[in-house]
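Chain residues, written in single-letter form:
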Amino acid sequence: MADAGPEPGPTERPDSILGLDCGSTTTKAALYARDAGGRLTLVGRRDSPTTVEAPLEDVAVGVREAVAALEETTGWTLLDPGGDGFLKPQSGPCRGVDAVVATSSAGGGLRVLVAGVIRSMTAESAERAALGAGAIVSEVIAIDDGRRPHEKLELIRQVEPDMILLAGGVDGGNVSHVAHLAELILTAGPRPRFAGDGPGRLPIVFAGNRDAQAQVREILTSESLFSSVPNIRPRLESEDVLPARLEMQDLFMRHVMAHAPNYRRLVSWVETIIPTPAAVGRAVEMVAQSLGDPVLAVDIGGATTDVFSVHDGVLYRSVAASVGLSYGALNLLAQTGAENVRRWLVGSSWSETRFADAVGNKAIRPTTLPETPEELELEQALAREALRLSWARHIEIVVGLKGVHQERDLGNVFDQPPTGLPLASVRRLRAVVGSGGVLSHAPEPWQVAAILIDGLEPEGMTRLFFDRGFLFPNVGAMAGVSPETAREMLFGQALVPLGTVVAPVHRGAGTGAALGRPCLEVAFTPPGESTRRFSLAWGELRILPLPAGCRARLEVSPAQPGTDLGGGPGEAWEGMAAGGAVGLILDARGRPLRWPGEELRGRAREEVPDHRPNPAALWADAVRRAGLGPAAEGAGVP
Amino acid sequence: MTAGGSYLSGPNIFRDALVEIVRPLPFGGEVLAREGQVVDPDTVVAHLNPGGHLHFVNVARELDVPFHMAAGCVVKAEGETVRRGEVLACRPAALGLVLAECRSPADGTVERIYPSGLVTVRAYPIPVAAWVGGRVVEAGAGDRVVILTKGTLIQGVFGLGSEGHGRLFPLRENRPPPGGLPAGRVVVSPGPAGRGLLDACLAGRAAALIAPSCHLRDLEALGWDPGRPDFGVSKRKTPLVLVLTEGFGEQEMSPPVYEALAEREGLVASVSGHTQLRAGVLRPEVIVPWGGPPSSRPVGTTPLRVGRRTAVYLDRTCGPPRLQVGSAVRVTRGTHEGSRAVVVELPSDPRQVASGAVLPVAVVRLEDGRTATVARANLAASDGTGAVRETAGSGGEDR
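Everything numeric in this text was worked out from a predicted model, so none of it was measured.

On to the overall build of chain B, then. Tallying secondary structure elements over chain B gives five helices and 29 strands in all. Counting over 399 residues, chain B shows a buried share of 53%. Contacts spanning at least 24 positions in sequence make up 64% of the contacts within chain B whose residues lie at least 6 apart. Accessible area for chain B stands at about 16,600 Å²; split by element, carbon and sulfur atoms hold 51% of it.

In structure tokens form, the structure reads like this:
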């Protein structure tokens, strides 16, 4: 008989997993276990406030609180009653777990100062590497950033990063510029954030010209924890961020988290701990590997909104720092403007004063949750604006390489596109995935879909998903321990299909997309039912229920030549549309979304009266007609 | 979640506490105070950057003149003192009609003038005041000074401005008295601070204002920028040091907080409006020393950190309160926002609230006797996590 090989260990194919995420506001604990059929299921999930700040200043306390609450809910014994951590491995029904994985963004997450020679080239590449590692980029410094030396010095001192990523120079190129940056860093003498009031050595990762490595090491090694990795930009035409990204994540574990309040204790309890955004990024990559790319994912947090996209197999991440729904709420309001938030408030009436106070109180009491329909609608309005701003930020980051030498010939001498063009687009996305507390706590799935669609305005045919229980961090952390188990968690538990949105766009000038004009001819055949044919006009929003796991035959034809469903103006689409918790969403409100009176303002030559309604108000009617609900009063429902 | 629930949030209030305050020197410095020294708020305990920052001024570039001419444009001599913004160098411009000027980036001394026109200015050391009266218990290592004091400590939820101190001036209602406010006082308002009171404090040059609440838009009118990420530790001068104990809106001050301040009327209060909400939470603080400086740190007791720079010596049986049946709480959001209540039940399963969300909740009895179901996340300790309690070591030798 052939040797079957060794049995997988408890962490290689665990029967039970405890997933922890120490967020900036809350610490979450989730328990997964295999059912009788061997399928991994989510047993329970609980939150507790993160305790990295005074008076407790011990992240492990918040973790134990969250796990204790999970024990009460699930009936499992998870905490080691006689010791300091968890019961591992699982020793019986509802007793112990085989694996514990953790992620963290507590204390602000991983904060990195990026330094590069040229702002638009090596510094930008280094910024992408840091973002990909799950960091918040506190500041970017470059030789050509326009700041004077003393301003750069002052900035480096003020930032208090967790680590510095230094890049610059292609291999074999100039050495002096990046050496100068190293001298500047040495002169500034930056202190690591968790050094408290005492001295500390800051991790510095050098990812620049290999010919400069020895000189830079000599400059920095005595005053820092210095390490070097292969050049992020070995040639102008290529970018290799992975070595820098992995080194930063490793340093995060070994040094940054080791000095954060009692993280050593937490690290001793778990199989792995990585920055939360890095884990979410891994999960998004897994989604793209399964569904195909491009894929767009968003994580709306309390302090930041992260956007991930996968294009041609490459993961990109951007962070809209200080654009969030609690700590970042006031900054979000300042950036987008009160009017842009209030336009989404359909079901509630806020005075300007009360509105501003409510947003301010959310910022200064970030752990509070919306209890009334009014408060919920306000948070969901903020979420839409957070998505708008963060998407704009993402487009800036996700660009082709700049400075790439391009060969010219007679064929393209007058027609060569510039380098550094945006790669990210809302057209022809395979999928959009939403994550974050505001989505997890949304009472109704249609509200999640509404936030994603209104905030990102996807075009064409796009599948929508969301991470119902904020489980993506667990998935990403588990991927480093057992990729197969991570896939089970992702597709079995974390990724909840919402359905498919069909959003036609009018290309070209003229009034073809005016309210009420014909937009689409639709033939919809749910499984086991006859075909329903109907027309959709511009300005309409309609939901056709189609449960998760079901696919319906869909034929959509533009009613006008300028209408684009993703395949080009005038091109029809037919195929099988995937269902979800909401179903098929036909969104003919147009792109970009416009508010009443907007087009008439300053465009006196508009020929067709345009009495369009508030696009946010259309959800209520669409939900009612689809029989979805019960929709919470005031939550987008007038 | 039943008994022994999660920790309750809430700013701290200690009516009679031994408080340690750290005065850090973030870039190193020279400690001037000595251990055991009794200080008052204005005592300079250290200098930041005793060597001073060295600023480089490239006169040739600033004035757009050739290098060989730049030194001739400098109007100061080596060793001469300069103020920030003072003219260092100049040359005629616009056919002699105006002077192009180059100014000093800092207060300090002109250290060197190079032939190329590069000027180095050595900035003055920055004095660090004690800010609070007490006794220095740690004064070494060049990176911090620790001051121990005995008195009342109150932490607010949001603040503006930097540091100030002055004699406590509690108001009987949330408006200035008919005769106006005496200058330099720390004003305490029992009710929300409207524009009238804010303006009166500004006009009266109050050292600080402690109020339960105010409208966010009123603060914007004072020049505050709410869009500053994480608020940040305020570096630019805002015209008023402000501490809010409840938040934005029209909440009244919690009676125990008002009483703790009112009973110290006339005593010097040290107020810090610094607020930072993540990655090192900093809440605004009010410390009112009374009864004389303590002689030394209590032996065998580790203080509880209640802020980034503040610690309190507690009875070892005390600790941050937990949410449990009988907890005195304040509702921070929702229909009953601002109400004080007592927890009567902690259901173990999450329940649906008015918004439709399913959340862990508590059943509370409000002051008017009604019960209400409130999300646990929307409850804070009513009288602060310190619960207006006495502390260990309050029997210091010197009073």
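Now that the structure is up, let's keep going.
For the rest of this paragraph, the subject is the confidence of the model for chain B. All names here are of chain B. Confidence along chain B averages 83 in pLDDT terms, with 84% of residues attaining 70 or more. Within chain B, strand β16 (residues 186-188) carries the highest mean pLDDT (97), whereas strand β21 (residues 304-305) carries the lowest (78). Contacts from residues 229-237, a stretch scored under 50 in pLDDT, to residues over four places away or in other chains number 27 contacts. Contacts from residues 384-399, a stretch scored under 50 in pLDDT, to residues over four places away or in other chains number 54 contacts.

This part covers the sheet that holds strand β4 (residues 44-48) of chain B. Residues and elements named next belong to chain B. Taken together, three strands build an open sheet; the order of strands is β2-β4-β11 and the sheet is antiparallel. The sheet terminates laterally at β2 (29-31) and β11 (126-129), the two strands that pair on one side only. Sheet twist, expressed as the mean angle between neighbouring strand axes with direction ignored, is 25 degrees.

All names here are of chain B. Taken together, the three bridges between strand β23 (residues 328-331) and strand β24 (residues 340-345) define a ladder with antiparallel strand orientation. Note that in β24 the partner of Val329 across the bridge is Ala341. Pairing analysis gives four bridges linking β24 to strand β27 (residues 361-366), with the strands arranged antiparallel. Bridge pairing in β27 links Val342 to Arg365.

With that out of the way, let us pick up the packing of aromatic side chains. All names here are of chain A. For the structure shown, the criterion picks out four aromatic pairs over all chains. For the ring pair Trp446 and Trp619, a centre distance of 6.4 Å and an interplane angle of 25 degrees mean the geometry is stacked. One end of the pair, Trp446, is in helix α14 (residues 445-456); the other, Trp619, is in helix α17 (residues 618-626), and 173 residues separate them in sequence. The cationic tip of Arg342 hangs over the ring face of Phe355; the distance from NZ or CZ to the ring centre is 5.3 Å. In this structure, Arg354 packs its charged tip against the face of Trp350, placed 4.3 Å from the ring centre.

Turning next to the packing of helix α15 (residues 472-479) of chain A against helix α16 (residues 483-494) of chain A. All names here are of chain A. It is at 7 Å that the axes of α15 and α16 come closest, and there the two elements cross at 165 degrees. Judged on the interaxial angle alone, α16 and α15 are roughly antiparallel. Classified by chirality, the crossing of α16 by α15 is left-handed. Where α15 approaches α16, its residues Phe472, Asn474, Val475, Met478 and Ala479 are matched on the opposing element by Pro483, Thr485, Ala486, Met489, Leu490 and Ala494. By residue class, the composition of the contact of α15 with α16 is nine nonpolar, two polar and no charged.

Attention now goes to the sheet that holds strand β18 (residues 518-525) of chain A. All names here are of chain A. With respect to topology, four strands assemble into an open sheet ordered β19-β18-β21-β23, the strand pairing being antiparallel. Every interior strand has two partners, whereas the edge strands, β19 (532-537) and β23 (573-578), have only one. Each strand axis lies, on average, 25 degrees off the axis of its neighbour in the sheet, ignoring direction. When β18 meets strand β21 (residues 551-558), the two strands line up antiparallel, connected through six bridges. Residue pairing for β21: Glu521 is matched across the bridge by Ser557.

This part covers the pattern of salt bridges. Residues and elements named next belong to chain A. By the definition in use, this model includes 55 salt bridges over all chains. The salt bridge involving Arg34 is made with Glu488; its shortest N-O contact spans 2.7 Å. Note that Arg34 is positioned in strand β2 (residues 26-34) and Glu488 in helix α16, a separation of 454 residues in sequence. A residue is classified by how much of its surface remains accessible, and Arg34, at 15% relative accessible area, is buried. Judged by its relative accessible area of 22%, Glu488 is partly exposed. One salt-bridge network, in which partners are shared between bridges, spans Arg384, Asp454, Asp587, Arg589 and Arg591.

Here the focus is the environment of A:Glu444. Residue placement: A:Glu444 occurs in the loop between α13 (437-440) and α14. The exposure class of A:Glu444 is buried, given its relative accessible area of 12%.

This part is about unusual backbone geometry. Residue and element names in this part refer to chain A. Omega for the bond connecting Asp293 with Pro294 falls within 30 degrees of zero, at 15 degrees, which places this linkage in the cis form. Tracing the backbone shows Pro294 in the loop between α8 (276-291) and β11 (295-300). Following Arg591, the chain continues to Pro592 via a peptide bond in cis, the omega torsion being -5 degrees. Topologically, Pro592 is positioned in the loop between β24 (583-587) and α17. Despite not being glycine, Asp312 has its phi angle at roughly 50 degrees, a positive value. Summarising the element assignment, Asp312 is placed in the loop between β12 (304-311) and β13 (314-321). Residue class for Asp312 comes out exposed when judged on its relative accessible area of 74%. Phi is positive for Phe470, close to 50 degrees, though the residue is something other than glycine. Following the sequence through the fold, Phe470 ends up in the loop between β15 (460-467) and α15.

Working note: α-helix, 3.6 residues per turn, so residues spaced by three or four point in the same direction. Residue and element names in this part refer to chain A. Of the positions making up helix α3 (residues 149-159), those classed as buried are Lys152, Leu153, Leu155, Ile156, Arg157 and Val159. Buried residues along α3 sit against β5 (110-116), β6 (135-142) and α4 (176-188). Directly after α3, the chain includes Glu160, whose backbone phi takes a positive value near 50 degrees.

Scoring rules and cut-offs
Residues numbered from 1 in each chain as written. Chains lettered and ligands numbered in written order. Predicted model: local features only at pLDDT ≥ 70, side-chain atom pairs only at ≥ 80, totals over all residues. Heavy atoms only, no water. Helix = DSSP H or I, 4+ residues; strand = E, 2+ residues; numbered from the N terminus. Buried < 20%, exposed > 50% of the residue type's maximum accessible area, 1.4 Å probe, protein only. Contact = heavy atoms within 4.5 Å. Areas by Shrake-Rupley, 256 points an atom, 1.4 Å probe, with all protein chains shown as cover. pLDDT = per-residue confidence, 0-100. Pairing = 2+ DSSP bridges. Axes fitted to C-alpha atoms, helices over the stretch in contact; angles between N-to-C directions. Phe/Tyr/Trp six-rings, centres within 6.5 Å; stacked < 30°, edge-to-face > 60°. Lys NZ or Arg CZ within 6 Å of the ring centre and 35° of its normal. Parallel < 35°, antiparallel > 145°, perpendicular 65-115°, else oblique. Left-handed = near helix turned anticlockwise from the far one by under 90°. Nonpolar A, V, L, I, M, F, W, Y, C, P; charged D, E, K, R; others polar. Salt bridge = Lys/Arg side-chain N within 4 Å of Asp/Glu carboxyl O.

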